[in-house]
Amino acid sequence: MDTLKIGDKLYNVEQNGFNDFARYSFSEVVRLTETLAVLKNGVRLINRPKQSYIMEDVGYSVSRKKGTHWHIVSLKAIRNAQIENEKIKVHDWFENKQFTLKEKQYIYKLFKGEEDQ
């Protein structure tokens, strides 16, 4: 478990309750002090890796918010973020869309056709 270096890329996942989507944030270490790593988005992390078990095995605690961890970016995290962002996009589209009767009929026929198969 290494300390962070300038240029390291990290991510954090937040979720408001079990029914909310996982919302990923990505940032990069831009400055180091004796004990902190400062990210491009202004978040200050304690530059001491610790076991996390939240998303990855190792995490870095946010200064003054010990329960919030950031993790080194992995391919798995990037893929999970893409999947979640697509879910959010679809959800938001349906929330904001006002369907015409013709569109509702079209969607109904599509689903009805899948049920018959």
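Check the entry above for the structure.
Computed from a prediction, not measured in an experiment: that's the story for all the values here.

Draft legend 1. Expanded view of the nonpolar core. Leu4, Leu10, Val29, Ala37, Leu39, Leu45, Tyr60, Val62 and Trp70 form the largest nonpolar core, which has nine residues in total. Secondary structure elements with two or more residues in this core: β3 (36-39) and β6 (58-62). In contact with leucine 4, not counting residues within four places along its chain, are Leu10, Val29, Leu32, Ala37, Leu45, Asn47, Tyr60 and Ile72. Membership of the second largest hydrophobic core comes to five residues, among which are Tyr11, Ala22, Tyr24 and Ala81.

Draft legend 2. A look at the environment of leucine 4. With respect to the element layout, leucine 4 can be found in the segment before β1 (9-14). As for leucine 4 and lysine 66, which are separated by 62 residues in sequence, their C-alpha atoms are 17 Å apart.

Draft legend 3. How the structure looks around the pattern of salt bridges. One pass over the full model with this rule turns up seven salt bridges. Between lysine 5 and aspartate 8 there is a salt bridge whose closest N-O contact spans 3.9 Å. On the basis of relative accessibility, which here comes to 48%, the residue lysine 5 falls in the partly exposed class. Across the pair lysine 40 and glutamate 28 runs a salt bridge whose closest N-O atoms are separated by 4.0 Å. With lysine 40 in the loop between β3 and β4 (44-46) and glutamate 28 in strand β2 (residues 23-32), this residue pair connects regions lying 12 residues apart in the sequence. By relative accessible area, which is 23% here, glutamate 28 ends up partly exposed.

Draft legend 4. Inspection of the side chain of serine 27 at higher detail. With respect to the secondary-structure elements, serine 27 resides in strand β2. Within the structure, the side chain of serine 27 is placed 3.2 Å from the backbone nitrogen of asparagine 41, a separation counted as a polar contact. Not counting residues up to four positions away in its chain, the partners in contact with serine 27 are Asp8, Lys9, Leu10, Leu39, Lys40, Asn41 and Trp70.

Draft legend 5. Spatial organisation of the packing of aromatic side chains. This structure, assessed with the given rule, holds six aromatic pairs. Each ring, one from tyrosine 11 and one from phenylalanine 26, has its centre 6.0 Å from the other, and the planes form 35°; the classification is tilted. A residue pair is termed long-range when its members are at least 10 positions apart, and tyrosine 11 in strand β1 and phenylalanine 26 in strand β2 qualify at 15 residues. Residue class for phenylalanine 26 comes out partly exposed when judged on its relative accessible area of 41%. Chaining the aromatic ring pairs together yields one cluster made of Tyr11, Tyr24 and Phe26.

Draft legend 6. Summary view of a positive patch on the surface. A cluster of like positive charges, contributed by Arg31, Arg44, Arg48, Lys50, Arg64 and Lys66, occupies part of the molecular surface. Mapped onto the secondary structure, arginine 31 falls in strand β2. With relative accessibility at 45%, the residue arginine 31 sits in the partly exposed group.

What counts, and at which threshold
- Residues numbered from 1 in each chain as written.
- Predicted model: local features only at pLDDT ≥ 70, side-chain atom pairs only at ≥ 80, totals over all residues.
- Heavy atoms only, no water.
- Core = buried A, V, L, I, M, F, W, Y, C linked by side-chain atoms within 4.5 Å.
- Buried < 20%, exposed > 50% of the residue type's maximum accessible area, 1.4 Å probe, protein only.
- Helix = DSSP H or I, 4+ residues; strand = E, 2+ residues; numbered from the N terminus.
- Contact = heavy atoms within 4.5 Å.
- Salt bridge = Lys/Arg side-chain N within 4 Å of Asp/Glu carboxyl O.
- Polar contact = N/O pair within 3.5 Å; in protein donor to acceptor, adjacent residues only side chain to side chain.
- Phe/Tyr/Trp six-rings, centres within 6.5 Å; stacked < 30°, edge-to-face > 60°.
- Patch = residues over 30% accessible without salt bridge, like charges linked within 9 Å, V, L, I, M, F, W, Y side chains within 5 Å.
- Areas by Shrake-Rupley, 256 points an atom, 1.4 Å probe, with all protein chains shown as cover.
- Lys, Arg positive; Asp, Glu negative; His and termini not counted.
- Charge placed at Lys NZ, Arg CZ, Asp CG, Glu CD.

What is shown is where atoms sit, not what they do.
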